[in-house]
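Descriptive structure summary
Spelled out, the chains give:
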Amino acid sequence: MTVNDLAAVTTDPAVAQVTAAVVLRPQSVLLTFFGDYALDGDVLVAAGSVLDVLGRVGIGEHAARATLTRMVRRDLLRREVRGRRAYFGPTEHGRRIMLDGRSRVQDGDIVTRHWDGTWTVVGFSMPESWQRERHDLRSRLQWAGFGMVQAGLWVAPRRVDLAVVLEDSELGEYVRAFEAAPVGPTEPARLIAEAYDLPALAARYTGFAARWTPFDNDGAPPADPVSRRVVLTTDWLQTVRDDPRLPREFLPGDWPAIHAEMLFRRVNSRLRRPSEREMGRRLDVIPGQNAG
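Computed from a predicted model, the values in this text were never measured in an experiment.

The rules we used
- Residue positions are counted from 1 within each chain, in the order its sequence is given.
- Local features in this predicted model are restricted to residues of pLDDT 70 or higher, and side-chain atom pairs are both shown and tallied only at a pLDDT of 80 or more, whereas totals for entire chains, interfaces and linings draw on every residue.
- By convention in this description, side-chain values take in all heavy atoms of the structure and omit both hydrogens and water.
- The way it works is that DSSP assigns letters per residue, a run of H or I at least four long becomes a helix, a run of E at least two long becomes a strand, and they are numbered from the N terminus.
- Every radius of gyration here is taken over C-alpha atoms, with the globule rule written as 2.2 Å times N^0.38, N being the number of residues.
- Only protein chains enter the accessibility calculation, which uses a 1.4 Å probe; a residue is then buried when its area is under 20% of its type maximum, exposed when over 50%, and partly exposed in between.
- By definition, residues are in contact when any of their heavy atoms lie within 4.5 Å.
- Method for areas: the Shrake-Rupley scheme with a 1.4 Å probe, in which residue coverage is limited to the protein chains shown.
- Any two strands with at least two DSSP-identified bridges between them are counted as paired.
- With axes taken as lines fitted to C-alpha atoms, and helix axes fitted only over the stretch in contact, angles between N-to-C directions fall between 0 and 180 degrees.
- These descriptions rest on fixed angle ranges, namely under 35 degrees for roughly parallel, over 145 for roughly antiparallel, 65 to 115 for roughly perpendicular, and the rest for oblique.
- All amino acids are sorted into three groups, where Ala, Val, Leu, Ile, Met, Phe, Trp, Tyr, Cys and Pro are nonpolar, Asp, Glu, Lys and Arg are charged, and the leftover types, Gly among them, are polar.
- Crossing chirality is assigned from the near helix's rotation relative to the far helix, an anticlockwise turn below a right angle marking it left-handed and a clockwise turn marking it right-handed.
- Expected span, for any helix, means 1.5 Å times one less than how many residues it has.
- Put simply, a nonpolar core is a bunch of buried Ala, Val, Leu, Ile, Met, Phe, Trp, Tyr and Cys residues held in one set by side-chain atoms that sit within 4.5 Å of each other.
- The rule is short: rings of Phe, Tyr and Trp, with Trp giving its six-membered ring, pair when the centres are within 6.5 Å, and they are stacked under 30 degrees, edge-to-face over 60, tilted in between.

This part is about the overall build of the protein. Scanning the protein from N- to C-terminus turns up eleven helices and eight strands. For 292 residues, the compact-globule estimate of 2.2 N^0.38 gives 19 Å, and the C-alpha radius of gyration of the protein, at 21 Å, lies within 12% of that figure. Taking all 292 residues of the protein together, the buried fraction comes to 47%. For the protein, the proportion of contacts with a sequence separation of at least 24, taken over those separated by at least 6, is 80%. When the accessible surface of the protein is totalled, it reaches about 15100 Å², and 51% of it is carbon and sulfur.

Put into structure tokens, the structure is as follows:
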């Protein structure tokens, strides 16, 4: 199959339905793909194989190539040329990002069922002109599960290692962090409601469940297990990426994240083996630098 043939590929029904409903960012798809299929085996994947996978999920060649170039520039992927072919694989920095994403997808529960009552409180102050640095810090705090109570004051209902959150940055000197607990008149439930947009968070999980329930044990083998699993995992990661995993006691009884998580795990479990077999057949790979 040539790159020009990619647009003619018949997509899996789940892939077609989900990609019509949500925008899957090309970088998110690539992080999912390399995290699932190139991380553990330490392999490099041919550009043609990468373009094939992305083409099957609706990402065109131009966007795919531009994203690969950008990820190399950002030290997420490395590029090696062997003969006439270019191969890509994760850098050490990229590996850390992918492992973090995998942990977010696979490890623990989507809600905190046993909470010890500890909050981590973060305050920061930096020059007003530092818009990029301020955005970077806010993004790191959101990824770590913090919610903003007021300007410059963020909280998370758990112990958080800020050294990990601020790793590879120079923002630590502008941050002050404490472990604390709310006292009157501040009530924890009200603090949760103010710091986090619970209706918007619930809507993300409701949407995920609506997209994937039709393919939960639908009886038919997937037409393209690789594409279906890449889209499933990317969709789930975009759904959970900044979920604070709040204590169960502060969430509604019918909190949709719990059902959505069970759905994801069922569908993913059924796709794992057929997608890995298909990847072994389809991918053009070579050993990475650390492969034995």
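Turning our attention to the sheet that holds strand 6 (residues 153-156). Judged by pairing direction, the sheet is antiparallel, and its four strands sit side by side in the order 5-6-4-7 without closing on themselves. Single-partner strands in this sheet number two, and they are strand 5 (147-150) and strand 7 (175-180). Adjacent strand axes in the sheet meet at a mean angle of 30°, parallel and antiparallel pairs treated alike. In the sheet, strand 5 pairs with strand 6 via three bridges, with the strands oriented antiparallel. When the sheet's bridge partners are listed, methionine 148 is paired in strand 6 with tryptophan 154. Of the strands in this sheet, strand 4 (119-124), strand 6 and strand 7 are in contact with helix 6 (residues 131-143), which crosses strand 4 at around 175°. Across the sheet, helix 8 (residues 188-195) touches strand 4, strand 5 and strand 6, and the angle it forms with strand 5 is around 105°.

Each pair of packed helices can be described by the angle between their axes along with the distance between the axes. Close contact between helix 2 (residues 26-37) and helix 5 (residues 92-106) brings their axes to 9 Å; oriented N to C, the two are set at 85°. With respect to each other, helix 2 and helix 5 are oriented roughly perpendicular. Between helix 2 and helix 5, the contacting residues are Leu31, Phe34 and Gly35 on the first element and Ile97, Met98 and Arg102 on the second. Across the contact of helix 2 with helix 5, the residue classes break down as four nonpolar, one polar and one charged.

Here the focus is the side chain of serine 28. In this structure, serine 28 sits in helix 2. Setting aside its immediate chain neighbours within four residues, serine 28 contacts Thr234 and Gln238.

Strand order across the open sheet formed by four strands is 2-3-1-8, with antiparallel pairing between neighbours. In the strand order of this sheet, the two ends are held by strand 2 (77-82) and strand 8 (285-287), each with one partner. On average, each strand axis in the sheet is tilted by 30° relative to the strand beside it, whichever way the strands run. Inspection of the sheet shows strand 1 (residues 43-46) paired to strand 3 (residues 85-90) by two bridges, in the antiparallel sense. Bridge pairing in strand 3 places valine 45 opposite phenylalanine 88. The strands touched by helix 4 (residues 61-73) are strand 2 and strand 3; relative to strand 2, the strand with the most contacts, the crossing angle is about 110°.

Moving on to the packing of helix 1 (residues 13-21) against helix 10 (residues 225-240). Packing of helix 1 against helix 10 brings their axes to within 8 Å, and their N-to-C directions diverge by 30°. Our classification of the angle between helix 1 and helix 10 gives roughly parallel. Here helix 1 runs over helix 10; the crossing is left-handed. Together, Pro13, Ala14, Val15, Val18 and Thr19 of helix 1 and Ser227, Arg228, Val231 and Asp235 of helix 10 make up the contact between the two elements.

It is worth spelling out the environment of leucine 251 at this point. With respect to the helices and strands, leucine 251 occurs in the loop between helix 10 and helix 11 (256-282). Residue leucine 251 is classed as buried on the basis of its relative accessible area of 9%. Expressed as a C-alpha distance, the spacing of leucine 251 and phenylalanine 178, which sit 73 residues apart in the sequence, is 24 Å. Beyond its immediate stretch of four places on either side in the chain, leucine 251 contacts Val111, Leu198 and Leu246.

Moving on: helix 10. Its 16 residues give helix 10 an end-to-end C-alpha distance of 22 Å, which sits within 8% of 22 Å, the value for a rise of 1.5 Å per residue. With 16 of its 16 residues buried, helix 10 lies for the most part within the structure.

All right, on to the nonpolar core then. Judged by nonpolar contacts, the single largest core of 84 residues is most densely connected at Phe33, Phe34, Phe146, Trp212 and Trp236. Per-element tally for this core: the top contributor is helix 11, with eight residues.

With that out of the way, let us pick up the packing of aromatic side chains. Applying the stated criterion to the full structure yields ten aromatic pairs. When the centroid spacing of 6.4 Å and the interplanar angle of 35° are considered together, the rings of phenylalanine 208 and tryptophan 212 count as tilted. Of this pair, phenylalanine 208 and tryptophan 212 are both found in helix 9 (residues 198-212), four residues apart, which corresponds to roughly one turn of the helix. Like tryptophan 212, phenylalanine 208 is buried.

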